[in-house]
Amino acid sequence: MDDARLVILNARDAADRGARILTHAPVEALERQDGAWLIRSGTRRFRARAVVNAAGPAVLDLIGRAGQETQRRMRLVRGSHIVVPRLFDHDFAYFFQIPDGRIFFAIPYQGDFTLIGTTDRDHHGPLGEVKASAEEIAYLCDAANAYFARAIAPADVVWSYSGVRPLIDDGSGKPEAATRGYSFDLDTDGESEGAAAPLLSVFGGKITTYRHLAKDAVEKLRPLLPVLGSGDWTADAPLPGGDFPMAGIDALIADLARAYPFLGAASVDRVARAYGTLARTWLGDATDAAMLGEDFGHGLSAAEVDYLMTREWATCAQDVLWRRTKLGLRLGAAQVARLEEYMGEKQ
């Protein structure tokens, strides 16, 4: 799945339900004051009745910024991936085991590429500098070469990306053996009932359990925050644009192709999978490509970029090309520069 799209759609869903989303607003300090939290981010100040520390690999850092202490220990494990030109011509994914006992996958990616991953390496560097090392890239190439007829080398890698898993340190020897579970610490400042300014810190967790984790977090806070109400409604609630049957993606693609034949098959497929039924929000009543404005390349139009800026918080070309779409795999340097220029003009 596209983790970046998942994050954006959860944020969009929250905003549609009244949340205020602030990007590029790091929490620099927070302290309890007059029964609430005072939070500082740059020149901005916020007050909150409660704080959920879901900072992932930075969870301990945020606890420290709150002036709190914990006996918890985290193990930060880096997982790196590489993207290479397509290694096979079908839509199935491969799942392999290699001699060191680890497994890796090779997945069809963005039509013309293959995604290969992942690694497990303890991460000791800054969280702002998370990237695949030369050793990891070579490791994944060698793993693929043990199975595929078409050999690849680091020079064939068109893109790589990495993430840091916030694992609970359970004393496991190998990084891949560490637990992928999650747990909570609820700091109520020494009060059990009617606590002033609770701080709920989340340790561990992974994408496949994120909704269960969120539900459990709300249950932890509900006795302290009556405003949360009661009831669990998220299990059956689709994310924005996902209000069609899971098996209905092909029908959605066909519907968009009929409504917007000028897009072309590749663009229709990309748009449907990225935006679902929300695609019509920015495609509107366009009957030709010109009605969508400037074309930055490979079907990326001004109408889509405007939508990403106004509805999905994109502020720069990197946001659009890598975090909201994966068109960074396709656009050239001149096209990227023009996109950056256009976005600068719109801000």
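Residues numbered from 1 in each chain as written. Predicted model: local features only at pLDDT ≥ 70, side-chain atom pairs only at ≥ 80, totals over all residues. Heavy atoms only, no water.

Considerations on the overall build of the protein
Scanning the protein from N- to C-terminus turns up 10 helices and 12 strands. Its C-alpha radius of gyration of 22 Å places the protein within 12% of the 20 Å reference for a compact globule of 347 residues. Overall, the protein is about 60 × 55 × 40 Å in size when its C-alpha atoms are taken along their principal axes. Taking contacts inside the protein between residues at least 6 apart in sequence as the whole, the part at least 24 apart equals 61%. Here the protein has roughly 18,400 Å² of accessible surface; of this, 54% comes from carbon and sulfur atoms. Placing the 39 positive and 47 negative side-chain charges of the protein at their respective mean positions leaves the two points 2 Å apart. (Helix = DSSP H or I, 4+ residues; strand = E, 2+ residues; numbered from the N terminus. Rg over C-alpha atoms; globule rule 2.2 N^0.38 Å. Contact = heavy atoms within 4.5 Å. Areas by Shrake-Rupley, 256 points an atom, 1.4 Å probe, with all protein chains shown as cover. Lys, Arg positive; Asp, Glu negative; His and termini not counted. Charge placed at Lys NZ, Arg CZ, Asp CG, Glu CD.)

Comments concerning the sheet that holds strand S1 (residues 29–33)
With antiparallel pairing, the 3 strands of this open sheet are ordered in space as S1-S2-S3. A single partner strand is all that each edge strand has here, and the edge strands are S1 and strand S3 (44–48). This sheet shows a mean twist of 25 degrees between the axes of neighbouring strands, independent of strand direction. Here S1 runs beside strand S2 (residues 36–41); their pairing, made up of 5 bridges, is antiparallel. Along S2, the bridge assignment pairs Gln 33 with Ala 36. (Pairing = 2+ DSSP bridges. Axes fitted to C-alpha atoms, helices over the stretch in contact; angles between N-to-C directions.)

Side note on the packing of helix H5 (residues 249–259) against helix H6 (residues 265–275)
Between H5 and H6, the least distance of the axes is 9 Å, while the angle of their chain directions is 125 degrees. Regarding the angle of H5 to H6, the classification is oblique. The two elements H5 and H6 meet at a crossing, and its hand is right-handed. In contact with Ile 249, Leu 252, Ile 253, Leu 256 and Ala 257 of H5, H6 contributes Val 268, Asp 269, Ala 272 and Arg 273. Of the residues belonging to the contact of H5 with H6, the class tally is 7 nonpolar, no polar and 2 charged. (Parallel < 35°, antiparallel > 145°, perpendicular 65-115°, else oblique. Left-handed = near helix turned anticlockwise from the far one by under 90°. Nonpolar A, V, L, I, M, F, W, Y, C, P; charged D, E, K, R; others polar.)

Side note on the confidence of the model for the protein
Detailed conclusions should not be drawn from predicted coordinates in areas where pLDDT is low. In this model, the protein carries a mean pLDDT of 93, and residues with pLDDT of at least 70 account for 97%. Of all secondary-structure elements in the protein, the lowest mean pLDDT belongs to strand S9 (residues 121–122), at 92, while helix H8 (residues 302–311) reaches the highest, 98. (pLDDT = per-residue confidence, 0-100.)

Notes on the sheet that holds strand S12 (residues 199–204)
The strand order S4-S12-S11 describes an open sheet built from 3 strands, whose pairing is mixed. Sheet topology places strand S4 (51–53) and strand S11 (182–187) at the edges, where each strand pairs with a single neighbour. Here the average twist between neighbouring strands, direction ignored, is 15 degrees. Two elements, S11 and S12, share 6 bridges in a ladder whose sense is antiparallel. Opposite Phe 184, over in S12, you have Val 202 as the bridge partner. Where helix H4 (residues 210–221) meets the sheet, it contacts S4, S11 and S12, and its direction lies at approximately 20 degrees from that of S11.

Regarding the pattern of salt bridges
One pass over the full model with this rule turns up 27 salt bridges. For Arg 72, the salt bridge is made with Asp 185, and the minimal N-O distance between the two is 3.0 Å. Residue Arg 72 is found in the loop between helix H2 (59–65) and strand S5 (74–85), and its partner Asp 185 is found in strand S11; the two are separated by 113 residues along the sequence. Owing to a relative accessible area of 27%, Asp 185 belongs among the partly exposed residues under this scheme. Measuring nitrogen to oxygen at the nearest pair gives 2.6 Å for the salt bridge that ties Arg 323 to Asp 319. Taken as a pair, Arg 323 and Asp 319 lie in helix H9 (residues 317–324) at a separation of 4 residues, close to a single helical turn. For Arg 323, a relative accessible area of 40% gives the class partly exposed. Among the residues examined, Asp 319 registers a relative accessible area of 5% and is labelled buried. When salt bridges that share partners are traced, they join Glu 294, Arg 338, Glu 341 and Glu 345 into one network. (Salt bridge = Lys/Arg side-chain N within 4 Å of Asp/Glu carboxyl O. Buried < 20%, exposed > 50% of the residue type's maximum accessible area, 1.4 Å probe, protein only.)

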